[in-house]
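# What the coordinates show
Residues per chain are reported as follows:
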Amino acid sequence: MKPAINPNKIVVFTGAGISVSSGLEAFRDRDLTSVGQHEQLASPHAWNRRRKEVIEYYNWRRECAGKAQPTPAHLAIARLEQKYEVVVITQNVDDLHERAGSRNVIHLHGELRKVRCCGQHALVSDIGISPQHLGDTCPDGHELRPHVVWFGEQIMHYSEAGRHFKTAAKVLVIGTSLQVDPAAKLPKKGRYRAEKLIVNPHFDVADRPYSYRIIHKEADSIVPDIVAAWLEGQRWDYGLGRA
């Protein structure tokens, strides 16, 4: 038996596109090697062979994320908690949702602000925007690593995220192309009767999950309006604004 839909529950699923105006994009644009660095350094193999470089790379990313600011879309999502039970499920490793005021955030790919023990118990610690240093250890003596999901590793909280999609009355997907599995499969778990929207100016309609409506707009230009409609208890009718 399928779990019942909670009429007061909203799931917001976000990718990198929600952060375009945060300042993170500018940092990426200025560092032309960032994509290559990510492919080379975001892996267990790199951690074993190039540990110092991996730590320096994530220190740089942590610094960039710390300078970035929540966008109007982040802030609007947080306002939904005035009326609804809101679960934010994000592929992003920054803390912009939390700084915008969202209180229930699930990070599928980890968090830049955190490090975890390489030992059996994988204890997680929050270091904020402070740099990690080569040789830093947890209390049991094992070395600390960035608390992020690397290539070849399983994403975090997948089952929990799937359960939230199955019980949400509204689903808002923002800034992701839904091309990378297994995270891309999560929106398909949304219920047929739920109100389901995808906000992405570049989304390929051919990739649309069943019964989702596509809004080809930047997040900052449309998410605040969607939130305003939902806070007033209205459905969002794309093309007409509020239903």
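Scroll up to find the structure.
The structure reproduced in this document is the subject of the present report. (Residues numbered from 1 in each chain as written. Predicted model: local features only at pLDDT ≥ 70, side-chain atom pairs only at ≥ 80, totals over all residues. Heavy atoms only, no water.)

Along its length, the protein carries eight helices and eleven strands. Compactness check: the protein gives a C-alpha radius of gyration of 19 Å against a globular reference of 18 Å for 243 residues, within 12% of the reference. Here the protein holds 243 residues, and the buried ones make up 49% of them. Sequence-distant contacts in the protein: of pairs separated by 6 or more residues, those separated by 24 or more amount to 65%. In the structure as shown, the protein presents an accessible area of about 12100 Å², 51% of it carried by carbon and sulfur atoms. A distance of 7 Å separates the average location of the 33 positive side-chain charges in the protein from that of its 28 negative side-chain charges. (Helix = DSSP H or I, 4+ residues; strand = E, 2+ residues; numbered from the N terminus. Rg over C-alpha atoms; globule rule 2.2 N^0.38 Å. Buried < 20%, exposed > 50% of the residue type's maximum accessible area, 1.4 Å probe, protein only. Contact = heavy atoms within 4.5 Å. Areas by Shrake-Rupley, 256 points an atom, 1.4 Å probe, with all protein chains shown as cover. Lys, Arg positive; Asp, Glu negative; His and termini not counted. Charge placed at Lys NZ, Arg CZ, Asp CG, Glu CD.)

Once that is clear, we can look at helix H5 (residues 72-79). Within the sequence span of H5, burial applies to Ala-73, His-74, Ala-76, Ile-77 and Ala-78. For H5, the secondary structure elements touched by its buried residues are strand S1 (6-14), strand S2 (85-90), helix H6 (96-100), strand S7 (168-174) and helix H8 (219-231).

It is worth spelling out empty space enclosed by the protein at this point. One pass over the structure, following the stated rule, counts one cavity of 30 Å³ or more. Of the volumes computed, that of the largest cavity is approximately 40 Å³. Surrounding the largest cavity, Arg-62, Ala-65, Gly-66, Asp-95, Leu-112, Arg-113, Gly-128 and Ile-129 form its lining. The element best represented in the lining of the largest cavity is helix H4 (residues 51-67), accounting for three residues. (1 Å grid on protein atoms, 1.4 Å probe; cavity = no way out; pocket = protein on both sides within 12 Å on 5 of 7 lines; lining within 4 Å. Points joined across faces, edges and corners; volume = space filled by probe spheres on them.)

What follows deals with the pattern of salt bridges. Throughout the structure, instances matching the rule amount to 13 salt bridges. Ionic pairing is found between Glu-81 and Arg-103, a salt bridge with its closest N-O pair at 2.6 Å. Of this pair, Glu-81 sits in the loop between H5 and S2 while Arg-103 sits in the loop between H6 and strand S3 (105-107), and the two are 22 residues apart along the sequence. By relative accessible area, Arg-103 is classed as exposed at 70%. (Salt bridge = Lys/Arg side-chain N within 4 Å of Asp/Glu carboxyl O.)

In this section: the environment of Gly-66. Looking at the secondary structure, you find Gly-66 in helix H4. Look at Gly-66 and you get partly exposed, because its relative accessible area is 32%. Counting along the chain gives 150 residues from Gly-66 to His-216, while the straight-line C-alpha distance between them is 29 Å. Apart from residues no more than four positions distant in its own chain, Gly-66 is found in contact with Arg-99 and Ile-129.

Turning our eyes to something else, we now look at the sheet that holds S1. Read from one edge of the open sheet, six strands run S3-S2-S1-S7-S8-S9, paired in parallel fashion. In this open sheet, the two strands that pair with only one neighbour each are S3 and strand S9 (213-215). Shown here is a sheet whose adjacent strand axes are inclined to one another by a mean of 20°, direction ignored. In this sheet, S7 lies alongside S1 in parallel orientation, the contact comprising six bridges. Its bridge partner lying in S7, Phe-13 is registered against Val-173. (Pairing = 2+ DSSP bridges. Axes fitted to C-alpha atoms, helices over the stretch in contact; angles between N-to-C directions.)

The subject of this paragraph is the environment of Ala-78. With respect to the helices, strands and loops of the structure, Ala-78 is situated in helix H5. The class of Ala-78 is buried, set by a relative accessible area of 12%.

Everything listed here is a matter of geometry and, on its own, says nothing about what the molecule does.
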